[in-house]
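Coordinates in review
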Amino acid sequence: MLFINIGLVLSDNNDTERLIRDMVMGKKAYLFCRDLDACKRAAMMYSLFGACKVLDKNPERWLCYVLKHIDSTPEDKYYTLLPEFWDDEEQ
């Protein structure tokens, strides 16, 4: 009943549940992965797409950029392909 006494406390957590829905659905999808490595890859992709969502970047354009530039990127610079370092010119 804290939300009655303090007006800033919300009576539900719908916004939070909506934000994490993709990750929760991904967690359920991991049950159908063939093996542990497939689950790890799926979790990694869900995390990267989640990062794009949080950073307000288009995940499809980010993935196209990564696939186009991964061959020409030195191994020690792979981190620059992460969504947080990618600058979307089309936004």
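Description of the structure in this document. Fair warning: this is a prediction, and the values are worked out from it, not measured in the lab. (Residues numbered from 1 in each chain as written. Predicted model: local features only at pLDDT ≥ 70, side-chain atom pairs only at ≥ 80, totals over all residues. Heavy atoms only, no water.)

Within the protein chain one finds four helices and zero strands. Walking the protein chain from its N terminus toward its C terminus, one meets helices and strands in the order α-α-α-α. For the protein chain, with 91 residues in total, the buried portion stands at 14%. The long-range share in the protein chain, meaning contacts at least 24 apart out of those at least 6 apart in sequence, stands at 41%. Of the accessible surface of the protein chain, which amounts to about 7700 Å², a share of 59% is contributed by carbon and sulfur atoms. (Helix = DSSP H or I, 4+ residues; strand = E, 2+ residues; numbered from the N terminus. Buried < 20%, exposed > 50% of the residue type's maximum accessible area, 1.4 Å probe, protein only. Contact = heavy atoms within 4.5 Å. Areas by Shrake-Rupley, 256 points an atom, 1.4 Å probe, with all protein chains shown as cover.)

A few words now on the nonpolar core. Leu48, Cys52, Trp62, Val66, Leu81 and Trp86 together form the largest nonpolar core, which totals six residues. Elements that contribute at least two residues to this core include exactly helix H3 (36-54) and helix H4 (59-69). (Core = buried A, V, L, I, M, F, W, Y, C linked by side-chain atoms within 4.5 Å.)

Okay, the packing of aromatic side chains next. The description of two aromatic rings rests on the distance between their centres and on the angle between their planes. Overall, the coordinates contain three aromatic pairs when judged by the stated rule. Ring plane angle 40° and centroid distance 6.1 Å describe the contact between Tyr65 and Trp86, whose orientation is recorded as tilted. Highlighted residues: Tyr65 in helix H4 and Trp86 in the segment after H4, separated in sequence by 21 residues. The exposure class of Tyr65 is partly exposed, given its relative accessible area of 27%. Taking 5.4 Å as the distance between ring centres and 80° as the angle between the ring planes, the aromatic pair formed by Tyr79 and Phe85 counts as edge-to-face. The class of Tyr79 is partly exposed, set by a relative accessible area of 43%. (Phe/Tyr/Trp six-rings, centres within 6.5 Å; stacked < 30°, edge-to-face > 60°.)

Looking now at a nonpolar patch on the surface. Together, Tyr79, Leu82 and Phe85 make up an exposed nonpolar region whose accessible area comes to about 280 Å². Structurally, the position occupied by Phe85 is in the segment after H4. The exposure class of Phe85 is partly exposed, given its relative accessible area of 45%. (Patch = residues over 30% accessible without salt bridge, like charges linked within 9 Å, V, L, I, M, F, W, Y side chains within 5 Å. Salt bridge = Lys/Arg side-chain N within 4 Å of Asp/Glu carboxyl O.)

Keep in mind these values describe shape, not function.
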